[in-house]
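The chain contents come next:
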Amino acid sequence: MDSAAWLKTPLGEYVLAREQAFYDATVADIFGYNAFQLDFAETDFLRASRIPLRCRVSPEERGGLRASFCDLPLATNSVDLIVLPHVLEFSANPHQILREAARALRPEAQLVISGFNPWSLWGLRRTFDFRGTDYPWSGHFINLPRLKDWLALLGFEIAAGQMGCYVPPCAKPKWLGRFAFMEDAGDRWWPIAGGVYFVQAVKRVRGLRLILPKWADRRAPEKKLATLPEHIGKDDQPVAARQSCRR
């Protein structure tokens, strides 16, 4: 079962509804000119974005741009927003995907990531799935601290984060409804055990600082007026000199 087929199941619809709500609220406040969504071509996670150019990238012909995620045909420092919905845990080289995203994003641009949390009931379900052939249990779930380390090495700064999908991964809608109370209590009682995590990161570029010489900080000397001539001797000497010249 691939991702497109899984999203049509009750469990997939449950996850998709919460992810769509997060992406809608997040991308609506991000501005720029170019935005790209990698994978999940059937779902538009950029629908709430006000960025004029929005494109979905897929290695197949389903998206608006067909390309490899490890070698994006995007100019360096040209993109304002990239979203990665469950791309890293299903890739053989997640580091290269992050490097390509960092290269394409301009300074102060944003990267939004969603992934399955291995420290959750979903991760426990994957551990005991010995077949591991169906989506999403076939992926390599990446824990949140490791992802933050990767982002920090690439110059990203975490701007926001959130957990979701606290309900156990039940296949039947009846059980999803019975465990619905866990969704409301999750952020309060077990905030790190959500089945899906969301990360919003900003690309930071350290600027150069010009160090000026010390003399540049000094003030220019004030201009002084010419000094008055000083009298030499007694006051009557200049008068006596003028009288002698008249004779």
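Details of the structure are given in the entry above.
Residues numbered from 1 in each chain as written. Predicted model: local features only at pLDDT ≥ 70, side-chain atom pairs only at ≥ 80, totals over all residues. Heavy atoms only, no water.

Peer 1: Describe the overall build of the protein, and please don't skip the residues or the numbers.
Peer 2: Scanning the protein for helices and strands turns up eight helices and seven strands. Taking all 247 residues of the protein together, 42% fall into the buried category. For the protein, the computed accessible surface area is about 15,400 Å², with 55% contributed by carbon and sulfur atoms. (Helix = DSSP H or I, 4+ residues; strand = E, 2+ residues; numbered from the N terminus. Buried < 20%, exposed > 50% of the residue type's maximum accessible area, 1.4 Å probe, protein only. Areas by Shrake-Rupley, 256 points an atom, 1.4 Å probe, with all protein chains shown as cover.)

Peer 1: A description of the packing of aromatic side chains should follow, citing residues and the corresponding values.
Peer 2: Per the counting criterion, the structure on display carries 13 aromatic pairs. Centre to centre, the rings of Phe-22 and Phe-198 are 4.2 Å apart; their planes meet at 25°, and the pair counts as stacked. Of this pair, Phe-22 sits in helix H2 (residues 10-27) while Phe-198 sits in strand E7 (residues 196-203), and the two are 176 residues apart along the sequence. This pair shows no difference in class: Phe-22 is buried, exactly as Phe-198 is. Members of the aromatic cluster, each reached through a chain of ring pairs, are Trp-6, Phe-90, Phe-116, Trp-122, Tyr-135, Trp-137 and Phe-141. The ring of Phe-141 is capped by Arg-126, whose NZ or CZ atom sits 5.4 Å from the centre of that ring. (Phe/Tyr/Trp six-rings, centres within 6.5 Å; stacked < 30°, edge-to-face > 60°. Lys NZ or Arg CZ within 6 Å of the ring centre and 35° of its normal.)

Peer 1: Run through the environment of Ala-5, naming residues and quoting values.
Peer 2: For Ala-5, the location among the structural elements is in helix H1 (residues 3-6). Sequence separation of Ala-5 and Tyr-135 is 130 residues, and the distance between their C-alpha atoms is 8.9 Å.

Peer 1: Report on the side chain of Thr-26, specifying residues and quantitative values.
Peer 2: Within the secondary structure, Thr-26 sits in helix H2. Engagement of the side chain of Thr-26 in a polar contact is seen with the backbone oxygen of Phe-22, the distance being 2.9 Å. Once residues within four sequence positions are removed from consideration, Thr-26 is found in contact with Val-112 and Gln-200. (Polar contact = N/O pair within 3.5 Å; in protein donor to acceptor, adjacent residues only side chain to side chain. Contact = heavy atoms within 4.5 Å.)

Peer 1: So, the pairing of strand E1 (residues 34-38): which residues are in play, and what are the values?
Peer 2: Of all five residues in E1, four are buried, a share of seventy percent or more. For E1 and strand E4 (residues 79-85), the ladder comprises three bridges, and the chain directions are parallel. Along E4, the bridge assignment pairs Ala-35 with Leu-81. (Pairing = 2+ DSSP bridges.)

Peer 1: Describe the nonpolar core, and please don't skip the residues or the numbers.
Peer 2: Core analysis: the largest hydrophobic core is formed by 33 residues, its most contacted members being Leu-38, Ile-82, Leu-84, Leu-98, Leu-111, Leu-147 and Leu-151. Going through the elements one at a time, E1, strand E2 (53-58), E4, helix H3 (94-104), strand E5 (105-116), helix H5 (144-153), strand E6 (156-164) and E7 are the ones with two or more residues in this core. Per-element accounting of this core gives the leading share, five residues, to H3. Contacts of Leu-84, omitting those with residues within four sequence positions, involve Tyr-23, Leu-38, Ile-97, Leu-98, Leu-111, Val-112, Ile-113 and Ser-114. (Core = buried A, V, L, I, M, F, W, Y, C linked by side-chain atoms within 4.5 Å.)

Peer 1: Just give me the short version of the packing of H3 against H5, but keep the residues and values in it.
Peer 2: Contact pair H3 / H5: the axes reach a minimum separation of 10 Å and the direction vectors enclose 40°. By the angle class used here, H3 and H5 are oblique. Seen along the crossing, H3 lies across H5 with a hand that is right-handed. Residues Pro-94, His-95 and Leu-98 of H3 pack against Leu-147, Trp-150 and Leu-151 of H5. Tallied by class, the residues present in the contact of H3 with H5 amount to five nonpolar, one polar and no charged. (Axes fitted to C-alpha atoms, helices over the stretch in contact; angles between N-to-C directions. Parallel < 35°, antiparallel > 145°, perpendicular 65-115°, else oblique. Left-handed = near helix turned anticlockwise from the far one by under 90°. Nonpolar A, V, L, I, M, F, W, Y, C, P; charged D, E, K, R; others polar.)

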